[in-house]
Amino acid sequence: MQLIKIEKAMLPTPWGSFFIFGFEEKKSGKNHIALVYGNIKKSTPVLARVHSECLTGDALFSLRCDCGSQLKMAMKIIAKSGSGILIYHRQEGRNIGLLNKIKAYALQDQGFDTVEANEKLGFSADARDFSLCADIFKILKVKKIRLLTNNPLKVTMLNNAGINIIERVPLITKTNSKNEFYLQTKEKKMGHVFK
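Report on the accompanying structure. Because the structure is predicted, anything quoted here is derived from the model rather than measured. (Residues numbered from 1 in each chain as written. Predicted model: local features only at pLDDT ≥ 70, side-chain atom pairs only at ≥ 80, totals over all residues. Heavy atoms only, no water.)

**A short note on the overall build of the protein**
As a reminder, the rule being used: Note on conventions: DSSP H or I runs of at least 4 residues are helices, E runs of at least 2 residues are strands, and numbering of each starts at the N terminus. Here the globule rule reads 2.2 Å times residues to the power 0.38, and the radius of gyration is calculated from C-alpha atoms. Residue burial is assigned from relative accessible area. The probe radius is 1.4 Å, only protein chains are included, and a residue is buried under 20% of its type maximum, exposed over 50%, and partly exposed in between.
Helix and strand counts for the protein stand at eight helices and seven strands. Taken over the C-alpha trace, the protein has a radius of gyration of 16 Å; the compact-globule value for 195 residues is 16 Å, and the two agree within 12%. Over its C-alpha atoms, taken along the principal directions, the protein stretches across nearly 50 × 35 × 30 Å. Buried residues in the protein amount to 47% of all 195 residues.

Structure below.
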């Protein structure tokens, strides 16, 4: 187990009150959170979203990606369903970090796609470690989930980490002129499914 649970508290949101759980990586001290809505012990499989941190999309309303829209939609869907979990996975920019993500943005401004920009900076297309998320599910005693994602690789990685994904639930948001190329790249080069 790479994480320890630190504390939980109530978090009121526009979609209802969630419990917010704080976790800390044992080695690095880095923090992650899980938002839990309703009684997850009574719902199996549990509806869940693993949402990777995107400061620019989630907090600064960037139109370059679909992250902020997906975060809001996932919270709304979980609340509407009556129970579920949203893990906020703090690995910014597919785990290249915020400053490198800004460098990748600058390369994208020159015409590179997201995969090419990450690779030009010396990173893989996706360097995230989903085993941390599997640890959070295990700490919360969740073994079977219905995963809100368009990313089949995320399903495979979580399954490989011991989480039983019963169903992939699509999380499709509206495209715009600023994120169209980004979404096409996710579909063509990273296998995301938008249908």
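Right, picking up where we left off after that structure.
**Points about the nonpolar core**
Here is the rule: Put simply, a nonpolar core is a bunch of buried Ala, Val, Leu, Ile, Met, Phe, Trp, Tyr and Cys residues held in one set by side-chain atoms that sit within 4.5 Å of each other.
Within the largest apolar cluster, 26 residues are counted, with the highest numbers of intra-cluster contacts made by Ile-85, Phe-137, Leu-140, Ile-145 and Leu-158. Counting only elements with at least two residues in this core, the list comes to β2 (16–25), β3 (31–37), β4 (46–52), β5 (84–89), α6 (131–139), β6 (144–148) and α7 (152–160). Looking at which element gives the most residues to this core, the answer is α6, with five residues. Counting residues in each nonpolar core, the second largest holds 14 residues, with Leu-47, Ala-74, Ala-79 and Leu-148 among its members.

**As for the state of the cysteines**
Our working definition: To count as a disulfide, a pair of cysteine sulfur atoms needs to be within 2.5 Å.
Summed over all chains, the structure comprises zero disulfides. Of the cysteine sulfurs around Cys-65, a residue in no disulfide, the closest is that of Cys-67, at 3.6 Å. Free of any disulfide, Cys-133 has its nearest cysteine sulfur in Cys-67, 14 Å distant.

**What to know about unusual backbone geometry**
Look at Phe-61: it is not a glycine, yet its phi comes out positive at around 65°. Position of Phe-61 relative to the elements: it lies in the loop between α1 (55–58) and α2 (67–81). Even without being a glycine, Arg-94 presents a positive backbone phi close to 55°. Relative to the helices and strands, Arg-94 resides in helix α3 (residues 92–95).

Purely spatial values, then, with no claim about function.
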